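Tertiary structure, described
These are the residues of each chain, in order.
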Amino acid sequence: MTTLRYSLAALALIGATHSAMAADHLDIIVPFSAGGATDIVARSFEPIFSQRLGVTSVVRNVAGASATVGTAEVANSEGNPNIIGYEPAGALSIQPSLKKLPYGPDSFTYICRTVSNPMFLMVSKSSDIESFKQLVEESQEYPFLYGSSGPGTLPHLAMAALTVNSDLKAEHVPYSGSGPAMNALAGNEIQIMADTETILENYDLRPLAVFAENRVEGYPDVPTMQELGLAEMDFAVWQGVVAPKGISEERTQQYAEACKATVESDKFKSFADKAKADIAYLGPDDFKAFVQKRFAANKQVLKDAGLTP
Amino acid sequence: MDMILAAMGDAFTWQALLAIVIGTWAGIIIGGLPGLGSVVGLTIFLPFTFGMDVITSMALLIGVYCGSVYGGSITAILINTPGTPQSAATTFDGYPMTQQGRVDEALGWATFASFFGGVLSCVLLIFCAPQLAKFAVNFGSIEVFALVCLAMLCIVGISRGSLLKGLVCGMMGFFFSTVGSDPITGADRFTFGTYALSSGLDLIPVVVGAFALSEVFVRFSARDEEATTIPEARLRFPNLREIGRRLIELVRGSFIGSFVGALPGTGAAAAAFISYAAAQKLSPRRANLGKGEPDGIIASESSNNAVTGSAFIPTLALGIPGDVVTAMMMGAMVIHGITPGVRLMVDQAQTVYALFVVLIIVNVAMLVLSKPSIGLFRYLFKLPLGFVMGGIVMFSFIGAVSVRGNPLDLVVAALTGILAYVLRRGGYPLAPLVIGMVLGPALESSLRRGLLISRGDFLSFFTHSGIAATLFVLIGLFLVWTTMAGVLDWRAKIAARREPVSPSSSRA
């Protein structure tokens with residue numbers, strides 16, 4: 001019997017440690033596991049941000065279900081001024097259209113966008129395809145396969161939009177992340193992938209086009225989709241900070257100022273340079289408008305590609 | 001040569017060596033505590049590395065990683081509770097040996113096999129990383145599907161006793177793994193409209209419930225004091241003659257671990273089960289497996305520690321992380337301005353060589369630190385049983401929830417614990433449940449991806465590539481062999497029944 005009592009006491013202890021929380025303490029939710037691409041940017045962002053804000057902060061990784069579990073936790077903390085989320089593009093602008101979630105694009109107070117990287121259309125360097133035109137021609141006979149880091153992710157959506165808006169014939173094969181997809185590309189299981197410059201450089205791939213309005217610095221020979229005679233397609237991997245709805249105007253302003261100061265700091269700049277993340281700051285109002293625009297555009301793509309009714 | 005000397009210089013700084021000692025020791029302890037595994041250990045230590053230089057931070061993380069994979073075996077052997085999922089297969093023979101009073105021998109073999117597997121995979125990593133990476137790239141979805149099929153077939157044999165009960169548990173594990181988002185379409189499955197379930201059931205909470213919590217329940221309910229006492233942890237290394245006798249087992253386990261670790265998306269838990277299944281078919285002492293045979297411990301521990309080295313093969317050669325843990329390491333490298341990728345070995349050769357040196361030192365450190373770590377566990381387990389069990393419950397829940405910060409995982413761990421207790425009472429083996437959860441997702445997504453690639457034509461799987469064809473032939477041979485063995489066994493039984501029964505055997 002004593003054994004049972006000790007165990008119950010231990011259980012009670014766990015409960016007690018969870019309920020204690022200070023007011024000058026900020027929870028930064030990262031909706032991915034520790035060590036992922038988003039987590040690393042968030043962890044470099046966190047110390048500078050909390051110093052500017054004058055609080056003690058903790059990065060909490062709440063992962064699962066395409067980053068929606070952590071995002072939902074932020075949305076569900078309505079009115080709590082001690083929690084923010086460091087969010088990826090997919091969880092804010094794609095997932096709410098794909099499935100029933102406890103949040104939507106209107107469930108947040110938007111603080112700022114931190115970084116944004118345009119996506120490239122790319123093929124393996126070992127393939128003999130040199131241009132988008134050639135890719136389309138060769139796909140007519142036998143459709144290509146394109147990979148993605150999972151269903152409903154940005155690489156998936158960008159390619160789905162491209163196949164809808166051009167004559168390219170290609171089918172989707174999802175993988176559990178960019179790594180396994182790159183393995184498949186190296187083994188010629190898939191032939192096409194849309195992803196950022198980081199992937200392009202790390203895996204030595206050949207870019208054919210860029211999903212952006214203008215050509216990208218450092219890649220002067222890579223045409224935009226519009227230059228190829230296609231509709232405008234703007235896909236970028238971005239990240240930003242959101243807070244729950246119902247926090248005070250004053251607190252929003254504090255967050256926004258701290259965020260701006262953080263992304264403009266030398267420390268964050270030098271990190272972003274190393275991690276090949278392009279700093280692309282947007283303030284609260286611009287960020288909100290941006291997310292709403294992306295949300296609507298992605299919703300249309302999902303519909304056109306037949307991924308949602 | 002200059003490069004290697006320079007790399008040695010990088011690795012043999014006092015900061016790096018201190019980081020190795022701290023990391024490895026902490027890793028062993030974290031791995032040994034049920035629920036806290038490699039991922040939790042690395043998450044704890046990752047923030048500390050931000051201020052260190054790249055070699056020191058890698059040394060710390062590699063130490064935690066290798067240490068935790070080894071540490072899981074300590075509790076697996078002592079109290080039938082694997083500290084990490086990677087050590088689940090170690091319980092098969094480790095715990096029976098403990099019950100027979102051979103704790104020192106079991107821990108000795110686990111330690112030596114871990115060291116051997118770790119070092120052998122380092123050697124492979126140093127000398128054949130580019131070649132192995134190239135070979136691993138040829139393992140596409142269809143090849144992985146064939147490999148997982150073969151592994152699952154072999155593993156069916158792991159469930160001792162009733163085959164049917166083993167299959168029931170295996171299917172249950174497989175079913176658990178299908179809860180959550182569909183890997184191909186992203187749609188929610190088996191969530192019953194509950195949003196919390198859409199992230200699926202994670203492996204760690206299930207393993208914690210199935211092994212750690214159910215063990216606590218079993219010990220609570222045992223009336224007999226004898227059954228609930230934990231034997232004193234001691235360590236006795238095998239001598240050279242014993243090692244020589246089992247060298248082939250050590251080498252086989254290490255090679256299987258190195259190979260499986262180099263494939264993306266598999267990991268150390270799968271490697272340990274596959275290696276155990278291989279031992280079951282090939283070990284000269286296979287009849288004793290599951291009853292306290294060191295070969296079983298060797299199969300499991302040499303292969304799961306071999307994964308620690310070989311998981312770096314795709315990471316360093318191609319920039320493709322082999323599992324969650326190497327993905328975290330890649331993240332840590334990015335923070336220090338090293339971007340893993342196809343050119344890493346050329347651009348950052350000195351850093352890569354220093355990492356190799358670090359990996360080897362970590363394995364040596366593991367061997368040296370095994371004694372004090374086991375001493376610590378001996379001290380911990382000398383506490384009154386209530387404290388030990390309470391501690392296990394506490395760490396189990398902490399581990400279950402800290403993997404991804406989802407409170408649902410606490411409920412999952414608790415319910416799995418109760419379910420597992422009921423299953424154990426009914427004589428159902430729990431290992432197949434974990435195997436189903438480990439291999440199920442790999443089987444499902446590789447099959448469905450394979451079908452997407454072959455445009456829905458399953459027959460073309462068999463002719464897809466040489467590797468796939470070979471694996472399917474092996475599967476065919478295995479089926480024929482098992483059926484033949486079964487028929488022969490059945491015939492022998494019939495024949496035995498016809499024999500006149502002697503009075504002495506009828507009682508047994």
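None of these values were measured; they are calculated from a predicted model.

1. Side note on the overall build of chain A
Across its full length, chain A carries 12 helices and 11 strands. For 309 residues, the compact-globule estimate of 2.2 N^0.38 gives 19 Å, and chain A sits close to it at 21 Å. In chain A, buried positions account for 59% of the 309 residues. Relative to all contacts within chain A whose residues are 6 or more apart in sequence, the contacts with residues 24 or more apart total 76%. As presented, chain A carries roughly 12800 Å² of accessible surface, and 50% of it is formed by carbon and sulfur atoms. Within chain A, one finds 24 positive and 36 negative side-chain charges whose respective centroids are separated by 6 Å.

2. As for the pattern of salt bridges
In a structure, side chains of opposite charge can pair up when their charged atoms sit close to one another. All names here are of chain B. Applying the stated criterion across every chain, the model contains 22 salt bridges over all chains. With a closest N to O distance of 3.0 Å, Arg285 and Asp295 form a salt bridge. One end of the pair, Arg285, is in the loop between helix H13 (268–282) and helix H14 (294–310); the other, Asp295, is in helix H14, with 10 residues separating them in the sequence. Neither Arg285 nor Asp295 differs from the other in exposure class; each is buried. Here the residues in one salt-bridge network are Asp182, Arg189, Glu444 and Arg448, joined through shared partners.

3. With respect to the environment of B:Leu263
Residues and elements named next belong to chain B. With respect to the helices and strands, the residue Leu263 is situated in the loop between helix H12 (247–262) and H13. The class for Leu263 is buried, based on a relative accessible area of 1%. Measuring from C-alpha to C-alpha, the distance between Leu263 and Ser310 comes to 8.9 Å, with 47 residues separating the pair along the chain.

4. So, a nonpolar patch on the surface
Residues and elements named next belong to chain B. On the surface, Met3, Ile4, Met8, Phe12 and Tyr353 cluster together to form a nonpolar patch covering roughly 430 Å² of accessible area. Residue contributions to the nonpolar patch peak at three residues, all from helix H1 (residues 2–11). Here Tyr353 shows up in helix H18 (residues 349–382).

5. A closer look at the sheet that holds strand S6 (residues 144–148) of chain A
Residue and element names in this part refer to chain A. Judged by pairing direction, the sheet is mixed, and its five strands sit side by side in the order S7-S6-S8-S5-S9 without closing on themselves. Taken across any chain shown, the strands that pair with only one partner, and hence form the sheet edges, are strand S7 (170–174) and strand S9 (205–210). On average, each strand axis in the sheet is inclined to that of its neighbour by 35°, with strand direction left out of account. Pairing analysis gives four bridges linking strand S5 (residues 120–124) to strand S8 (residues 192–195), with the strands arranged antiparallel. Of the residues in S8, the one forming a bridge with Leu121 is Ala194.

6. Some points on the pairing of S8(A)
Residues and elements named next belong to chain A. Residues Ile192 and Ala194 point to one face of S8 and Met193 and Asp195 to the other, with burial holding for every one of them. The pairing of S6 with S8 spans two bridges and is parallel. Within S8, the position partnered with Tyr146 by the bridge is Ile192.

7. Some remarks on the interface of chain B and chain A
Of the residues lining the interface, 54 residues belong to chain B; the matching set on chain A comes to 50 residues. Counting every contact that joins chain B to chain A gives one salt bridge. Here A:Lys99 ties to B:Asp188 by a salt bridge, and the two come within 3.6 Å at their closest N and O atoms. The interface formed by chain B and chain A contains six residue pairs in polar contact (both at pLDDT 80 or more). Those elements that place two or more of their residues in the side of chain B that touches chain A are helix H6 (103–137), helix H16 (324–335), helix H19 (385–402) and helix H21 (431–453) of chain B. With eight residues, the single largest contributor to the side of chain B that touches chain A is H19(B). For the side of chain B that touches chain A, a count of residues per class yields 30 nonpolar, 18 polar and six charged.

8. Observations regarding the side chain of B:Ser38
Residues and elements named next belong to chain B. Position of Ser38 among the secondary structure elements: in helix H3 (residues 38–45). Residue Ser38 is classed as buried on the basis of its relative accessible area of 3%. Within the local environment of Ser38, its side chain forms a polar contact with the side chain of Gln86, the two groups lying 3.1 Å apart. Those residues in contact with Ser38, other than ones at most four positions away along the chain, are Tyr65, Ser68, Val69, Thr84, Gln86 and Val325.

9. Side note on H19(B)
An ideal rise of 1.5 Å per residue puts 26 Å on 18 residues; H19(B) measures up with 25 Å between its terminal C-alpha atoms. All of the buried residues along H19(B) are B:Gly386, B:Val388, B:Met389, B:Gly390, B:Gly391, B:Ile392, B:Val393, B:Ser396, B:Phe397, B:Gly399, B:Ala400 and B:Val401.

10. So, the sheet that holds strand S10 (residues 236–244) of chain A
Residue and element names in this part refer to chain A. Read from one edge of the open sheet, six strands run S2-S1-S3-S10-S4-S11, paired in mixed fashion. Among the strands making up the open sheet, the edge pair consists of strand S2 (56–61) and strand S11 (279–282). Along the sheet, successive strands turn relative to each other by an average axial angle of 20°, direction set aside. Bridge count for strand S1 (residues 25–30) against S2 is six bridges, and the pairing is parallel. Within the sheet, the bridge partner assigned to Val30 lies in S2 and is Asn61. Of the strands in this sheet, S1, S2, strand S3 (83–88), strand S4 (108–118) and S10 are in contact with helix H2 (residues 37–53), which crosses S2 at around 160°.

11. Things to note about the domain arrangement of chain A
Residues and elements named next belong to chain A. On domain assignment, one finds that chain A holds domain 1 (24–117 + 236–304) and domain 2 (120–228). Placing a centre on the C-alpha atoms of domain 1 and another on those of domain 2 gives a separation of 27 Å. Taken together, the contact between domain 1 and domain 2 spans 13 residues of the former and 12 residues of the latter. Of the roughly 1000 Å² buried between domain 1 and domain 2 on both sides combined, carbon and sulfur atoms contribute 69%. Contact with domain 2 buries surface across domain 1, with Ile94, Lys276 and Val301 losing the most and accounting together for 43% of the total. There are zero salt bridges connecting domain 1 and domain 2. Our count for the domain 1 to domain 2 interface comes out at zero residue pairs in polar contact (both at pLDDT 80 or more).

12. Digging into the packing of helix H4 (residues 54–79) of chain B against H16(B)
Residue and element names in this part refer to chain B. Here H4 crosses H16 at 170°, and the two axes come no closer than 11 Å. As the angle between them shows, H4 and H16 are arranged roughly antiparallel. Where H4 approaches H16, its residues Met58, Leu61, Ile62 and Tyr65 are matched on the opposing element by Val325, Met329, Ala332 and Met333. When its residues are assigned to classes, the contact of H4 with H16 shows eight nonpolar, no polar and no charged.

13. Observations regarding the environment of B:Leu164
Looking at the secondary structure, you find B:Leu164 in helix H8 (residues 163–178). C-alpha separation for the pair B:Leu164 and B:Tyr428, spaced 264 residues apart in sequence, amounts to 9.3 Å.

14. Digging into the packing of aromatic side chains
Residues and elements named next belong to chain B. Scanning the entire structure with this criterion turns up 31 aromatic pairs over all chains. With a centroid separation of 6.0 Å and an interplanar angle of 50°, the aromatic rings of Phe45 and Phe48 are classed as tilted. We classify Phe45 as buried; its relative accessible area is 13%. Owing to a relative accessible area of 54%, Phe48 belongs among the exposed residues under this scheme. On the basis of an interplanar angle of 85° and a centroid distance of 5.6 Å, the ring pair of Phe458 and Phe462 is categorised as edge-to-face.

15. Notes on the packing of helix H5 (residues 91–99) of chain B against H14(B)
Residues and elements named next belong to chain B. At a closest axis distance of 7 Å, the pairing of H5 and H14 adopts a crossing angle of 140°. Between H5 and H14, the angle is such that the two are oblique. Relative to H14, H5 is oriented so that their crossing is left-handed. Where H5 approaches H14, its residues Asp93, Gly94 and Met97 are matched on the opposing element by Pro294, Gly296 and Ile297. In the contact of H5 with H14, the residues fall into three nonpolar, two polar and one charged.

The rules we used
- Residues numbered from 1 in each chain as written.
- Chains lettered and ligands numbered in written order.
- Predicted model: local features only at pLDDT ≥ 70, side-chain atom pairs only at ≥ 80, totals over all residues.
- Heavy atoms only, no water.
- Helix = DSSP H or I, 4+ residues; strand = E, 2+ residues; numbered from the N terminus.
- Rg over C-alpha atoms; globule rule 2.2 N^0.38 Å.
- Buried < 20%, exposed > 50% of the residue type's maximum accessible area, 1.4 Å probe, protein only.
- Contact = heavy atoms within 4.5 Å.
- Areas by Shrake-Rupley, 256 points an atom, 1.4 Å probe, with all protein chains shown as cover.
- Lys, Arg positive; Asp, Glu negative; His and termini not counted.
- Charge placed at Lys NZ, Arg CZ, Asp CG, Glu CD.
- Salt bridge = Lys/Arg side-chain N within 4 Å of Asp/Glu carboxyl O.
- Patch = residues over 30% accessible without salt bridge, like charges linked within 9 Å, V, L, I, M, F, W, Y side chains within 5 Å.
- Pairing = 2+ DSSP bridges.
- Axes fitted to C-alpha atoms, helices over the stretch in contact; angles between N-to-C directions.
- Polar contact = N/O pair within 3.5 Å; in protein donor to acceptor, adjacent residues only side chain to side chain.
- Nonpolar A, V, L, I, M, F, W, Y, C, P; charged D, E, K, R; others polar.
- Expected span 1.5 Å × (residues − 1).
- Domains from an automatic or database assignment.
- Buried area = accessible area lost by both parts, 1.4 Å probe.
- Parallel < 35°, antiparallel > 145°, perpendicular 65-115°, else oblique.
- Phe/Tyr/Trp six-rings, centres within 6.5 Å; stacked < 30°, edge-to-face > 60°.
- Left-handed = near helix turned anticlockwise from the far one by under 90°.

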